[in-house]
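# Secondary and tertiary structure notes
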Amino acid sequence: MTARRIFAGPKLVLATHNKGKVREVADLLAPWGFEVVSAGALGLPEPDETEDSFLGNARIKALAASRASGLPALADDSGFSVAALDGAPGVRTADWAETPTGRDYAMAMGKVEKLARHAPDRRAWFSCALVLAWPDGHTEGFLGEAHGRWVWPPRGTNGFGYDPMFVPDGHDQTFGEMAPAAKHAISHRAAAFAKLRTSLPPR
Ligand code: IMP
């Protein structure tokens, strides 16, 4: 087994064009004092996400950004999975919300309910993959999951995406009802980031 490669800085590309995500990841990385620049700010192209796993798609994005910039890059991919739907929408989570006029998550949640309503198995989970890539093609991947069940009707106006229909294990509120800090403490992103820390210098 090869040793885990540590990212020691100083400069890191965040392989996302979404300003909200750049801010969120930059905040998480703040204690390390890295110089963080987004793929969007560098004008890097967005590759097609052609893999059938979160880690696979995050790897495509991280490698593309790293090769194009000549710098180490960090990419993420995330989504919502329903046990009774064999893990769908999964890597297609954002696509299920797509409409000609933008993303509609009330509609996307309705699709999940319509397809899964007769199945007794209500388990569901969020996944977040983070992949660090270096210009020589080396990658390190980290997968975080938050397990729970889906509920209907959706509840709560906090959060985003599929949050209002997901109740994490050990809780009664949906991610959409929980205070943001409470969600962030147990989320799939927090779990993935905790693993990513093993490839960063101690802090
Ligand atoms: P991407 O990672 O930007 O490709 O998008 C992932 C999809 O999963 C989007 O449709 C998000 O709304 C959804 N998603 C990812 N994380 C969360 C979450 O924490 N809560 C609700 N929806 C999420």
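Coordinates for the structure precede this section.
What comes next is a walk through the structure. (Residues numbered from 1 in each chain as written. Predicted model: local features only at pLDDT ≥ 70, side-chain atom pairs only at ≥ 80, totals over all residues. Heavy atoms only, no water.)

### Comments concerning the site of the ligand
Formally: Consider each residue's heavy atoms; a residue with any of them within 4 Å of a molecule or strand counts as near. The Shrake-Rupley method, run with a 1.4 Å probe, gives the accessible areas here. Residue values count only the displayed protein chains as cover. Secondary structure is summarised from DSSP: a helix means a run of H or I of at least four residues, a strand means a run of E of at least two, and numbering begins at the N terminus for each. Each residue receives one of three labels: charged for Asp, Glu, Lys and Arg, nonpolar for Ala, Val, Leu, Ile, Met, Phe, Trp, Tyr, Cys and Pro, and polar for the others, Gly being one of them.
Near the ligand you find 15 residues, and of these Lys 21, Ser 78, Tyr 105, Asp 163 and Lys 183 are the closest. Burial of the ligand by the protein amounts to 90% of the accessible area it has alone, namely 490 Å². For the shell around the ligand, the secondary structure elements donating two or more residues are β3 (73–82) and α6 (188–196). Ranked by the residues each element gives to the shell around the ligand, the list is headed by β3, at three residues. Of the residues in the shell around the ligand, the class split is five nonpolar, five polar and five charged.

### A word on the packing of aromatic side chains
Applicable threshold: Two rings from Phe, Tyr or Trp (for Trp, the six-membered ring) form a pair when their centres sit within 6.5 Å of each other. Planes less than 30 degrees apart are called stacked, planes more than 60 degrees apart edge-to-face, and all others tilted. Only protein chains enter the area calculation, which uses a 1.4 Å probe; residues under 20% of their type maximum are buried, those over 50% are exposed, and those in between are partly exposed. Note on criteria: charge over ring means Lys NZ or Arg CZ within 6 Å of the ring centre, with the direction from the centre no more than 35 degrees off the ring normal.
Scanning all chains against the criterion turns up ten aromatic pairs. With centroids separated by 6.2 Å and ring planes inclined at 70°, the aromatic side chains of Trp 32 and Phe 193 adopt a geometry described as edge-to-face. Here Phe 193 lies in helix α6 and Trp 32 lies in the loop between α1 (19–29) and β2 (35–38), a separation of 161 residues in the sequence. By the burial criterion, Trp 32 is buried, and Phe 193 matches it. Relative to Phe 175, the ring of Phe 166 lies with its centre 5.0 Å away and its plane at 65°, an arrangement referred to as edge-to-face. Both residues of the pair, Phe 166 and Phe 175, count as buried. Ring pairs connect the aromatic residues Phe 80, Tyr 105, Phe 126, Tyr 162, Phe 166 and Phe 175, which therefore count as one cluster. Its end group placed over the ring of Trp 134, Arg 5 keeps NZ or CZ at 5.0 Å from the ring centre.

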